Amino acid sequence: MSIEEVEVLVVGAGQAGLAMSEHLSKSDVPHLVLERQRIAERWRSGRWDSLVANGPAWHDRFPGMTFPGVDPDAFPPKEMVADYFAAYAEMISAPVRCGVEVREVRRKVGHPGFHVETSQGVIEAAYVVAATGPFQRPIIPAIVPDETEVLQIHSSAYRNPGQLPEGAVLVVGAGSSGVQIADELLRAGRPVYLSVGPHQRPPRSYRGRDFVWWLGVLGKWDAETPESGAEHVTIAVSGAQGGQTVDFRQLAAQGMTLLGRTKTFKNGVLKFAPDLAGNLAQGDAYYLSLLDEADAYVARNGLDLPEEPDARKFEADPPCVTDPRLALNLAEAGTTSIVWATGFALDFGWMKVDAFDEDGRPKHQRGVSAEPGIYFLGLPWLSRRGSSFIWGVWHDARYLADHISTQRKYLAYHPSSEDKDEAWMPD
Ligand SMILES: Cc1cc2nc3c(=O)[nH]c(=O)nc-3n(C[C@H](O)[C@H](O)[C@H](O)COP(=O)(O)OP(=O)(O)OC[C@H]3O[C@@H](n4cnc5c(N)ncnc54)[C@H](O)[C@@H]3O)c2cc1C
């Protein structure tokens, strides 16, 4: 049986895989992108129906192409985001092969490179880039047993309110997914309980600029990877309804019941931590600190951006915050569904290489792994805060393509070669 050989194998054709392909092409590095489903599949079938991008079209895109037919300040619907990436792949003639799953990657013994098992045969590759996403395996904490009479789904399986049985819904987790799903269910007339943990809550916009702009000029997208073990704090933002600041007090005023962190379940009763007011205060502090930094930036640079004192006014805390509910009897509250918006884990079981620590976490520096020839792209905080976002992954991909290119130049060097000096010329 013949074995296909490729120089660089990129696994996954989401935004990360496509950005990698663009930069490898620019460096004339031959490569192949394998995608088990379709280009940008997660934007098509891995998200709820009404999702729009969390960032405006002018920002959440690659430098080489704008979103066609969209106001740059608008938030494109998810299908449009997927179409954008499919069009982008065509524009850069990315060598993507869809419908092929990579099942195993193993270092070749006594030879350079990797042996790759796919659903359509074996491939040998000198380099492998894992671009399989920042959000791979949904996590549902083991709190409510499966046999409990309530529908339990992860946010990645939520599609629309009509999918859930009649009755009240508990949404656990108030990051961008949880808060948007809870809001949609409330608008659909459902009684909604929202369990709110620690979060960051930036203003959607301030002094006439979207928060993505503020995070950019204040250098926050470039914030470096937090220490390993530092607690990840989710960010609550939304592009829904044209883009509004996430405001928990307003959601409560509209009828949503806010709860603290979900802790335990016994005899049909869920218990919550008494931390709701503290979590909201922490979110408020982040919000206000961003306004302070923005004001200082405006003053220091003498910018002409309109003042916005109302941004500092908060509604009074609603009763569900001042007198928080610490227990919820699901049956008595008529709660028929729980949506767990509790995040994702990585799953690299298919990579049988020495690039992981004892807990299975990738060992890497800016995506260059501990196993020479293996690269990671698109992971949260790969090099900085922006790494798992559309525009951020594009810059990380450039770094990895440069790294691969340099490695190839070392290997091309030979003392007896006439053009050995040429190898170091920039691409
Ligand atoms: C609800 C939600 C909203 C988001 N909104 C925004 C936003 O507005 N702006 C923004 O910048 N970011 C947003 N993000 C974050 C990020 O941009 C997305 O998660 C994005 O999909 C990540 O792209 P990726 O290419 O790294 O991974 P993915 O999109 O997950 O792509 C990975 C691809 O790899 C394929 N694959 C996986 N394993 C294999 C295998 N073994 N063999 C072959 N193929 C494989 C998958 O099928 C998939 O197509 C959002 C995330 C979520 C969850």
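Before reading further, recall that the structure is shown in the block above.
On a predicted model such as this, the values are computed, not experimentally measured, just so you know. (Residues numbered from 1 in each chain as written. Predicted model: local features only at pLDDT ≥ 70, side-chain atom pairs only at ≥ 80, totals over all residues. Heavy atoms only, no water.)

### A few points about the packing of aromatic side chains
For step 1, the next point in the chain: For the structure shown, the criterion picks out 19 aromatic pairs.
For step 2, the next point in the chain: Each ring, one from F135 and one from F344, has its centre 5.3 Å from the other, and the planes form 45°; the classification is tilted. Residue F135 is found in the loop between β6 (121-130) and β7 (137-138), and its partner F344 is found in strand β20 (residues 344-345); the two are separated by 209 residues along the sequence.
For step 3, the next point in the chain: For the ring pair W214 and Y297, a centre distance of 6.2 Å and an interplane angle of 90° mean the geometry is edge-to-face. Here W214, found in helix α5 (residues 211-217), pairs with Y297, found in helix α7 (residues 276-301); they are 83 residues apart in sequence, far enough to count as distant. (Phe/Tyr/Trp six-rings, centres within 6.5 Å; stacked < 30°, edge-to-face > 60°. Helix = DSSP H or I, 4+ residues; strand = E, 2+ residues; numbered from the N terminus.)

### Details of the site of the ligand
For step 1, the next point in the chain: The environment of the ligand is formed by 31 residues, the closest being E35, R42, N54, D60 and I390.
For step 2, the next point in the chain: V102 has a polar backbone atom sitting 2.9 Å from a nitrogen atom of the ligand.
For step 3, the next point in the chain: Relative to its unbound accessible area of 970 Å², the ligand is 95% covered by the protein chains.
For step 4, the next point in the chain: Sorting the residues of the shell around the ligand by element identifies α1 (15-26), β2 (31-35) and α2 (41-45) as the ones contributing at least two each.
For step 5, the next point in the chain: Tallying contributions element by element places α2 first for the shell around the ligand, with three residues.
For step 6, the next point in the chain: Of the residues assigned to the shell around the ligand, the class counts are 14 nonpolar, 10 polar and seven charged. (Near = heavy atom within 4 Å. Polar contact = N/O pair within 3.5 Å; in protein donor to acceptor, adjacent residues only side chain to side chain. Areas by Shrake-Rupley, 256 points an atom, 1.4 Å probe, with all protein chains shown as cover. Nonpolar A, V, L, I, M, F, W, Y, C, P; charged D, E, K, R; others polar.)

### Quick notes on the pattern of salt bridges
For step 1, the next point in the chain: Here the structure, examined in full by the defined rule, presents 25 salt bridges.
For step 2, the next point in the chain: In this structure, E101 engages R103 in a salt bridge whose closest nitrogen and oxygen atoms are separated by 3.8 Å.
For step 3, the next point in the chain: Taking the relative accessible area as the measure of exposure, E101 reaches 31% and is therefore partly exposed.
For step 4, the next point in the chain: In this structure, R384 and D222 form a salt bridge, with 2.5 Å as the shortest nitrogen-oxygen distance. Here D222 lies in the loop between α5 and β14 (234-235) and R384 lies in the loop between β24 (374-376) and α9 (390-412), a separation of 162 residues in the sequence.
For step 5, the next point in the chain: Looking at R384, the relative accessible area reads 15%, which means it is buried. (Salt bridge = Lys/Arg side-chain N within 4 Å of Asp/Glu carboxyl O. Buried < 20%, exposed > 50% of the residue type's maximum accessible area, 1.4 Å probe, protein only.)

### Remarks on the sheet that holds strand β8 (residues 151-154)
For step 1, the next point in the chain: The parallel open sheet is built from five strands, whose spatial order is β8-β19-β9-β10-β15. Since the sheet does not close on itself, it has two edges, and those belong to β8 and β15 (257-259), each with one partner. The average angle at which neighbouring strand axes cross in this sheet is 20°, direction not considered.
For step 2, the next point in the chain: As paired strands, β8 and strand β19 (residues 335-340) are joined by four bridges and run parallel to one another. Residue pairing for β19: I153 is matched across the bridge by V339.
For step 3, the next point in the chain: Lying over the sheet, helix α4 (residues 176-187) contacts β9 (168-172), β10 (192-195) and β19, oriented at roughly 170° with respect to β10. (Pairing = 2+ DSSP bridges. Axes fitted to C-alpha atoms, helices over the stretch in contact; angles between N-to-C directions. Contact = heavy atoms within 4.5 Å.)

### Overview of the sheet that holds strand β17 (residues 269-272)
Within a beta sheet, neighbouring strands are joined by backbone hydrogen bonds and run either parallel or antiparallel to one another.
For step 1, the next point in the chain: Read across the open sheet, the three strands follow the order β16-β17-β18; overall the sheet is antiparallel. Edge strands, defined here as strands with exactly one partner in the open sheet, are β16 (262-266) and β18 (327-329). Between one strand axis and the next, the sheet turns by 20° as a mean value, whatever way the strands run.
For step 2, the next point in the chain: Of the pairings in the sheet, the one linking β17 to β18 comprises three bridges and is antiparallel in character. Bridging across to β18, L270 finds its partner in L328.

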